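Examination of the molecular architecture
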Amino acid sequence: MSPTRDFHTAVVPAAGLGTRFLPATKSVPKELLPLLDTPGIELVAAEAADAGAERLIIVTAPGKDAIARHFRRDHELERRLDARGKSEMSALVQRASALLRIETTPQPEPLGLGHAVACAEPHLTGRDEAVAVLLPDDLVLPTGVLSRMAAVRRRHGGTVLCAFTAPRQDLSAYGVFDLAGTDEPGVMRVRAMVEKPDPRQAPSTFACAGRYLLDRAVFEPLRHVRAGPRGEIDLTDAICTLIDRGHPVHAVVHTGRRHDIGNPMGMLRASVEYALEDRSRGPAFRAWLRTRLSDDA
């Protein structure tokens, strides 16, 4: 592995239909829906780049070519903006193309997260001893958890995941951890995982956030995982196989905020948070929001 980088490649699964956002996603990929003025997938790409990734493999589906186009430069648009003196706006539209090297690979069928990650394997090289996976529906704030995960992998090797505390009634939507403590604050050893359990039978209330730093070894069991009752190939099953083989798996416990921007209300909450924290637009929005809420009091 490079002495200056913990991983080189990040994978973003983006082949879903975006059904929770219909009818908007009939023509616009969910991953391009914006928080204020920035598409969610650009935020995820920036997070990967900040953590050291050099390239991003987007696992996509037919009809979602606009995602890759977003990361390509539009020289004509830039020329027109520059000609009108809109240099700051021109810089904004160039930002995505400067983040990382973008590649795409198709997921022919929607067969689950494990299958989507496996679709990226042919694009990996000998440099890719580990690969980051970022789910674009999960906005993890403040950013930086992937860098923390890389530091844990540096110390312990193996695979590192991100955990957060979820309400027990919501656990059926997540992979849920069975964890053991370590000597490091905020770092736990993963003993087992259960995908989308009955909340009453879940081993803990620690759920898996959409950030993974996977050792290359995970692709071998992924080739043998069979689809579960939902007809999906679960990444969790491959990780559990590694644990059973003695492969070290740790979880970094994230105590910040997390938004599910894969549904309208989650996107709205995240957008409100971004708006409130925006230096130029935040004060006016905060004042309007106070007035609007007082009207309902």
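What you are looking at is a predicted structure, and each value in this text was computed from that prediction instead of being measured.

How each quantity is defined
- Along every chain, residues carry numbers that run from 1 in the direction the sequence is written.
- Restriction of local features to residues with pLDDT of at least 70 applies here, the model being predicted, together with a cutoff of 80 or more for giving and counting side-chain atom pairs; totals for whole chains, interfaces and linings are based on all residues.
- Values reported for side chains reflect all heavy atoms of the structure, with hydrogen atoms and water molecules removed beforehand.
- Here an axis means a line fitted to C-alpha atoms, over the contact stretch when the element is a helix, while the angle between two N-to-C directions is reported on a 0 to 180 degree scale.
- Think of it this way: any DSSP run of H or I at least four residues long counts as a helix, any run of E at least two long counts as a strand, and we number them from the N terminus.
- Here roughly perpendicular refers to angles of 65 to 115 degrees, roughly parallel to angles under 35, roughly antiparallel to angles over 145, and oblique to all remaining angles.
- Handedness of a crossing is defined here by the sense of rotation of the near helix relative to the far one, left-handed for an anticlockwise turn of less than a right angle and right-handed for a clockwise turn.
- Any two residues whose heavy atoms approach within 4.5 Å at even a single point are treated as in contact.
- Within this scheme a cavity is a closed region of a 1 Å grid, computed over the protein atoms alone, that accommodates a 1.4 Å probe without allowing it to escape, whereas a pocket is open but has protein on both sides within 12 Å along at least five of seven lines; lining residues each have an atom within 4 Å of a point.
- Grid points are joined across faces, edges and corners, and a volume is the space filled by probe spheres set on the points.
- When residue character is reported, Ala, Val, Leu, Ile, Met, Phe, Trp, Tyr, Cys and Pro are called nonpolar, Asp, Glu, Lys and Arg charged, and the others, Gly included, polar.
- The term nonpolar core refers to a set of buried residues drawn from Ala, Val, Leu, Ile, Met, Phe, Trp, Tyr and Cys, joined through side-chain atoms within 4.5 Å.
- Here's how the labels work: a residue is buried when its accessible area is under 20% of the maximum for its type, exposed when over 50%, partly exposed in between, all with a 1.4 Å probe on protein chains only.
- UniProt positions are given in the numbering used here, feature names are shortened, and annotations may be inferred rather than shown by experiment.
- Note on aromatic pairs: the rings of Phe, Tyr and Trp (six-membered ring only in Trp) are paired at centre separations within 6.5 Å, and the planes decide the class, stacked below 30 degrees, edge-to-face beyond 60, tilted for the rest.
- Here the expected length of a helix is defined as 1.5 Å per residue gap, with one fewer gap than residues.
- As used in this structure description, the phrase polar contact means that two N or O atoms lie within 3.5 Å; if the pair is within protein, one of them must be able to donate a hydrogen and the other to accept it, and residues adjacent in sequence are counted only when both atoms belong to side chains.
- Here, a salt bridge means any side-chain nitrogen of Lys or Arg that lies within 4 Å of a carboxyl oxygen of Asp or Glu.

With that settled, consider the packing of helix H3 (residues 75–83) against helix H4 (residues 87–95). Any two packed helices are characterised by the angle at which their axes cross and by the distance between the axes. In contact at an axis separation of 7 Å, H3 and H4 are set at 160° when each is read in the N-to-C sense. Taken as axis vectors, H3 and H4 run roughly antiparallel relative to one another. The two elements H3 and H4 meet at a crossing, and its hand is left-handed. The segment H3 lies against H4, with Leu77, Glu78, Leu81 and Asp82 engaging Ser87, Met89, Ser90, Val93 and Gln94.

Quick look at empty space enclosed by the protein now. Within this structure, the stated rule accounts for one cavity of 30 Å³ or more. Around the largest cavity, the lining residues are Lys30, Glu31, Leu33, Gly40, Pro136, Asp137, Ile261 and Met267. The class makeup of the residues in the lining of the largest cavity is four nonpolar, one polar and three charged.

Turning our eyes to something else, we now look at the environment of aspartate 82. The residue aspartate 82 is located in helix H3 in this model. Once residues lying within four places of it in the same chain are set aside, the contact partners of aspartate 82 are Ser87 and Ser90.

Before going further, it helps to examine the packing of helix H9 (residues 264–277) against helix H10 (residues 282–296). Across the interface, H9 lies against H10 with an axial gap of 6 Å and an inter-helix angle of 120°. Taken as axis vectors, H9 and H10 run oblique relative to one another. Two secondary-structure elements touch here, H9 through Val272, Ala275 and Leu276 and H10 through Gly282, Phe285, Arg286 and Leu289.

The subject of this paragraph is the nonpolar core. With 41 residues, the main nonpolar core has Leu134, Met149 and Leu213 as its most contacted residues. Among the elements of the structure, strand E1 (9–13), helix H1 (40–50), strand E4 (55–60), helix H2 (65–70), strand E6 (130–134), helix H6 (145–156), strand E8 (159–165) and strand E11 (206–215) are those that each provide at least two residues to this core. If near-sequence neighbours (up to four positions away) are discounted, leucine 213 is found in contact with Phe7, Ala130, Val131, Ala132, Met149, Ala150, Arg153, Gly158, Thr159 and Val160. Tyr212, Ile233, Leu242 and Val249 belong to the second-largest nonpolar core, a separate cluster that totals 33 residues.

Look at the UniProt record and you will see "domain: Nucleotidyl transferase" (unreviewed entry) annotated at residues 10–274. The distance from the first to the last C-alpha atom of residues 10–274 is 24 Å, and the span holds 30% helix and 27% strand.

Tallied over the entire structure, the rule returns two aromatic pairs. Here phenylalanine 164 and tyrosine 174 contribute two aromatic rings whose centre-to-centre distance is 5.3 Å and whose plane-to-plane angle is 85°, an arrangement assigned as edge-to-face. Pair noted here: phenylalanine 164 is in strand E8 and tyrosine 174 is in the loop between E8 and strand E9 (175–181), with a separation of ten residues, a long-range link. Judged on exposure class, the residue phenylalanine 164 and its partner tyrosine 174 are both buried.

To continue, consider H9. Side chains of residues three or four places apart in an α-helix project in the same direction, reflecting 3.6 residues per turn. With 14 residues, H9 extends 20 Å between its outermost C-alpha atoms, agreeing within 8% with the 20 Å of an ideal straight helix rising 1.5 Å per residue. Residues Gly266, Met267, Ala270, Ser271, Glu273 and Ala275 constitute the buried set of H9. Along its buried surface, H9 packs onto strand E2 (34–35), strand E7 (138–141), strand E13 (257–260) and H10. Its side-chain oxygen at 3.2 Å from the backbone nitrogen of methionine 265, asparagine 263 defines the N-terminal cap of H9.

Further remarks concern the pattern of salt bridges. Using the criterion set out here, one finds 28 salt bridges in the structure. Measuring nitrogen to oxygen at the nearest pair gives 2.8 Å for the salt bridge that ties aspartate 178 to arginine 191. Taken together, the positions of aspartate 178 in strand E9 and arginine 191 in strand E10 (residues 187–195) put the pair 13 residues apart, joining distant regions of the chain. The partner of aspartate 234 in a salt bridge is arginine 230, with the nearest N and O atoms 2.9 Å apart. Overall, the relative accessible area of 9% leaves aspartate 234 in the buried class. Counted as one network, the salt bridges with shared partners bring together Arg20, Lys30, Asp137 and Asp260.

In the segment running from leucine 22 into proline 23, the intervening peptide bond is cis, with an omega of 10°. In this structure, proline 142 follows leucine 141 across a cis peptide bond, with omega equal to -10°. Here proline 142 is to be found in the loop between E7 and H6. The phi dihedral of leucine 36 is positive, around 55°, even though this residue is not glycine. Along the chain, the position of leucine 36 falls in the loop between E2 and strand E3 (38–39). Its identity is not glycine, yet lysine 196 carries a phi of approximately 45°, on the positive side. For lysine 196, the position within the fold is in the loop between E10 and E11.

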